[in-house]
Amino acid sequence: MSRVARNPVVLPQGVTATIAEGEVTVKGAKGTLKLPLRAGLSLKQEGQTVRVEVAAPSRDTLMHAGSLRSHLSNVVVGVSKGYEKKLELVGVGYRAAAQGKSLNLTLGFSHPVVYEVPEGITVETPTPTEILVKGADKQQVGQVAAEIRDFRSPEPYKGKGVRFCGERIELKETKKK
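Residues numbered from 1 in each chain as written. Predicted model: local features only at pLDDT ≥ 70, side-chain atom pairs only at ≥ 80, totals over all residues. Heavy atoms only, no water.

Colleague: Is there a simple way to think about the pattern of salt bridges in this case?
Modeller: Where charged atoms from two side chains of opposite charge approach closely, those side chains can pair. In total, this model carries eight salt bridges according to the counting rule given. Glutamate 46 is the partner of arginine 51 in a salt bridge, and the nearest nitrogen-oxygen pair spans 3.8 Å. The partner of glutamate 173 in a salt bridge is lysine 176, and the shortest N-O contact between them spans 3.6 Å. Here the two residues glutamate 173 and lysine 176 agree in accessibility, since each one is exposed. (Salt bridge = Lys/Arg side-chain N within 4 Å of Asp/Glu carboxyl O. Buried < 20%, exposed > 50% of the residue type's maximum accessible area, 1.4 Å probe, protein only.)

Colleague: Any chance you could explain the sheet that holds strand β8 (residues 95–99) here in plain terms?
Modeller: Neighbouring strands of a sheet are bound in pairs by backbone hydrogen bonds; such pairs are parallel or else antiparallel. If you walk across this open sheet you meet the three strands as β8-β9-β10, and the pairing is antiparallel. Edge strands, defined here as strands with exactly one partner in the open sheet, are β8 and β10 (113–116). Across the sheet, the axes of successive neighbouring strands diverge by a mean angle of 20°, strand direction being ignored. Where strand β9 (residues 102–106) and β10 come together, four bridges link them in antiparallel fashion. Paired with leucine 105 across the two strands is valine 113, which belongs to β10. (Pairing = 2+ DSSP bridges. Helix = DSSP H or I, 4+ residues; strand = E, 2+ residues; numbered from the N terminus. Axes fitted to C-alpha atoms, helices over the stretch in contact; angles between N-to-C directions.)

Colleague: For this particular structure, what's the right way to read helix α3 (residues 138–150)?
Modeller: Residues that lie three or four places apart on an α-helix share one face, since the helix turns once every 3.6 residues. Look at α3: 18 Å from first C-alpha to last across 13 residues, which is about the 18 Å you get at 1.5 Å a residue. Within the sequence span of α3, burial applies to Val141, Val144, Ala145, Ile148 and Arg149. Down the axis of α3, the buried side of the element spans an arc of 140°, and every buried residue falls inside it. Away from its buried face, by an angle of more than 90 degrees, α3 presents the exposed residues Gln139 and Asp150. Close packing links the buried residues of α3 with β7 (83–90), β9, β10, β11 (121–124), β12 (130–135) and β13 (161–164). (Expected span 1.5 Å × (residues − 1). Arc of directions from axis to C-beta. Contact = heavy atoms within 4.5 Å.)

The following block contains the structure:
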């Protein structure tokens, strides 16, 4: 078994895990998430810790044991603390406004872009050029942030577009005569 899979996942106070046949349900302050279990892998709960156990050690099950432990850890952090991604808009006239379950973006197109936010995700705009994507599911938060970024990816000459906070864009030189 991998070194990652050997480490137990500690459940913080206020987080409960229910292990059923084929899936584990984790409940916390930020919501409830379910994680499917692969055949040959199981979870064993001992008080406030959960361990990954391999029923029949084969190459396939040993390979997925570490992934299951990492996914379970991400689910536990998600329901207790939550995840967030910050996006920034760079460009003259580029702005965002969150209105209920939709995000209105003005990105230099001839029309405004309206993005419908999926269930379980909240989008906030502290300033017109910043977008905060929050939620309990790490994968879904990253996917929503990537979909918003895809509306206008940063271009390589001036760097205008939607980028992740802290993302560094390599700018190209303009053509010389």
